[in-house]
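What follows is the residue order along each chain.
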Amino acid sequence: MSSKTGPLAGIRILEVGHMLAGPYATMMLADLGAEVTKIEPPGGDISRQVGDSYFASLNRGKRSVCLELGTDAGQRRLGELVAESHALLVNLKPSGIRKLGLTYDALRRHNEKIVCVALTGYGLDAADDPAFDYVIQAATGIAALTGEPDGPPTLPGYSSADNSTGLTAAIGLLAQIVSGRGGQVDVSLRDVMLSQLNYRASAYLNDGVEPRRHPHGAHSYYVPAQLFGTANGYLALFVTHDAFWRSFCAEAGIAGFPTMAERAAHREEVLAAVSAVLATDSAVGWEARLRPLGIPAAAVRTLPEALRDTPEVVIRAGEFDLVRSSIRVVGYEPEYGPPPTLGEHSAAEVQSS
């Protein structure tokens, strides 16, 4: 469902995607007013098999057209769609992308200004090695960085690699459209996750500092910045500079270690003092005391608790309650359309061809 008032009104995007990363990228663009046409095989995006709510969370507001891209008829219709579109985003294996003719080199004959975005595991010129989210987290060091020091590697509780790569692909797509030139954009899960290790990678590459895990997810540089047990529940406290520390000390009734350098040098002493005082109140209690002081702190909540606390982020899209777009544009409210049924707009495509 495109919008006549959104920032991307009039932009037409084709998606040949499945599961998460690609569909998430184009859904973000649809929320901003782009017309997104999801090109699906007769069996549909395999995420439809996961469940209706899963599919809806990644495909609201799109159109669905069924095409057999491996046939001459499918390729002819693809060419017609490309001719009237601004971009095509595909997330398949590199061999599949090339086999189906979904690169700029293959499609430029239909539209010199078409932007083709390939979202793959390791790059369009790489092999077809499996590259699901968890595999990439393992391969890039994310899993090794996560968890308790003496525990096993740990994976985040959501698809961080897929979501991050989807957002990156959307940026690349828009950047190339803004340039006014067609071309190939190449985004991989591996490169995105290595990029997101920014300061960790820089510390190793430039200073030889190998990353290591700290207890309770503690930050490498800032102290105290981690999860703390309290009288009831866990509190995330993130003291990044000296002013926060002064305010915290005044409220907590402790003293010492006034500079960031001193706190880092005496990590264990600082953490012991903070742990002892935080044990005197609940996580929710500390949050209520610290937030008015401008100190970054939050009680650890479950997702249901977080959603109950922020009802404004929940929107209705057809028959589904979903989380709204994370991009808020002043004066614009997205039209959150329902996820399309398989091939819902195929008849309209036939009539227009």
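Residues numbered from 1 in each chain as written. Predicted model: local features only at pLDDT ≥ 70, side-chain atom pairs only at ≥ 80, totals over all residues. Heavy atoms only, no water.

Going by what an unreviewed UniProt entry lists, the protein chain is known as CoA transferase and is assigned to Mycobacterium yunnanensis.

Right, let's talk about the overall build of the protein chain for a bit. Scanning the protein chain from terminus to terminus reveals 16 helices and 11 strands. Projected onto the principal axes, the alpha-carbon positions of the protein chain cover approximately 75 × 45 × 35 Å. The burial tally for the protein chain puts 44% of its 353 residues in the buried class. The contacts in the protein chain between residues at least 6 apart in sequence include a share of 68% that link residues at least 24 apart. Total accessible area on the protein chain is roughly 17,500 Å²; 57% of this is exposed by carbon and sulfur atoms. (Helix = DSSP H or I, 4+ residues; strand = E, 2+ residues; numbered from the N terminus. Buried < 20%, exposed > 50% of the residue type's maximum accessible area, 1.4 Å probe, protein only. Contact = heavy atoms within 4.5 Å. Areas by Shrake-Rupley, 256 points an atom, 1.4 Å probe, with all protein chains shown as cover.)

What follows is about the nonpolar core. The biggest cluster of nonpolar side chains holds 29 residues, and the ones touching the most others in it are Ile13, Leu29, Ala34, Val117, Ala169 and Leu173. At the level of secondary structure, the elements contributing two or more residues to this core comprise α1 (21–31), β4 (87–90), β5 (115–120), α7 (142–145), α8 (160–179), β6 (183–188) and α9 (189–195). Excluding residues within four positions of it along the chain, Ile13 makes contact with Thr26, Leu29, Ala34, Glu35, Val36, Thr37, Ala87 and Leu173. Residues Val223, Phe244, Cys249 and Trp286 belong to the second largest nonpolar core, which totals 21 residues. (Core = buried A, V, L, I, M, F, W, Y, C linked by side-chain atoms within 4.5 Å.)

Glancing now at the packing of α1 against helix α2 (residues 52–59). In contact at an axis separation of 7 Å, α1 and α2 are set at 50 degrees when each is read in the N-to-C sense. The angle between α1 and α2 falls in the class oblique. Residue-level contacts link Pro23, Tyr24 and Met27 of α1 to Ala56, Ser57, Leu58 and Asn59 of α2. Along the lines of polarity and charge, the residues of the contact of α1 with α2 split into 5 nonpolar, 2 polar and no charged. (Axes fitted to C-alpha atoms, helices over the stretch in contact; angles between N-to-C directions. Parallel < 35°, antiparallel > 145°, perpendicular 65-115°, else oblique. Nonpolar A, V, L, I, M, F, W, Y, C, P; charged D, E, K, R; others polar.)

The subject of this paragraph is the pattern of salt bridges. If you walk through the whole model with that rule in mind, you get 16 salt bridges. Between Asp125 and Arg98 there is a salt bridge, and its shortest N-O distance comes to 2.8 Å. On the criterion of sequence distance, the pair formed by Asp125 in the loop between β5 and α6 (133–139) and Arg98 in helix α4 (residues 94–99) is long-range, its members being 27 residues apart. For Arg289, the salt bridge goes to Glu251, with nearest N and O atoms at 2.9 Å. In this pair, Arg289 is assigned in helix α14 (residues 283–290) and Glu251 in helix α11 (residues 242–252), connecting sequence segments 38 residues apart. We classify Arg289 as partly exposed; its relative accessible area is 30%. Judged by relative accessible area, Glu251 falls into the partly exposed class, the value being 29%. The structure contains a network of salt bridges with shared partners spanning Glu15, Lys38, Asp45 and Lys62. (Salt bridge = Lys/Arg side-chain N within 4 Å of Asp/Glu carboxyl O.)

Turning next to the sheet that holds β6. A sheet is described by the order of its strands in space; here 6 strands give the open sequence β3-β2-β1-β4-β5-β6, paired in parallel fashion. Looking at which strands have only one partner, the edges of the open sheet turn out to be β3 (63–66) and β6. Going across the sheet, the axis of each strand differs from the next one's by a mean of 20 degrees, ignoring polarity. The pairing of strand β2 (residues 35–40) with β3 spans 4 bridges and is parallel. (Pairing = 2+ DSSP bridges.)

An order of β7-β8-β9 is seen for the 3 strands of this open sheet, with the pairing classed as antiparallel. The outermost strands of the open sheet, each flanked by one partner alone, are β7 (225–229) and β9 (297–299). Across the sheet, the mean angle separating the axes of adjacent strands is 20 degrees when strand polarity is ignored. As paired elements, strand β8 (residues 234–238) and β9 share 3 bridges and run antiparallel to each other. If you follow Ala236 over to β9, its bridge partner there is Ala298. Each of β7 and β8 touches helix α13 (residues 267–278); the most contacted strand, β7, lies at about 40 degrees to it.

The next subject is the environment of Ala279. With respect to the element layout, Ala279 can be found in the loop between α13 and α14. It is 8.2 Å that separates the C-alpha atoms of Ala279 and Asn232, two residues lying 47 residues apart in sequence.

Counted by the stated rule, this structure contains 4 aromatic pairs. The rings of Trp245, Phe248 and Trp286 are connected pair by pair, giving a single aromatic cluster. Its guanidinium or amino end placed over the ring of Trp286, Arg289 lies 3.9 Å from that ring's centre, counting from NZ or CZ. (Phe/Tyr/Trp six-rings, centres within 6.5 Å; stacked < 30°, edge-to-face > 60°. Lys NZ or Arg CZ within 6 Å of the ring centre and 35° of its normal.)

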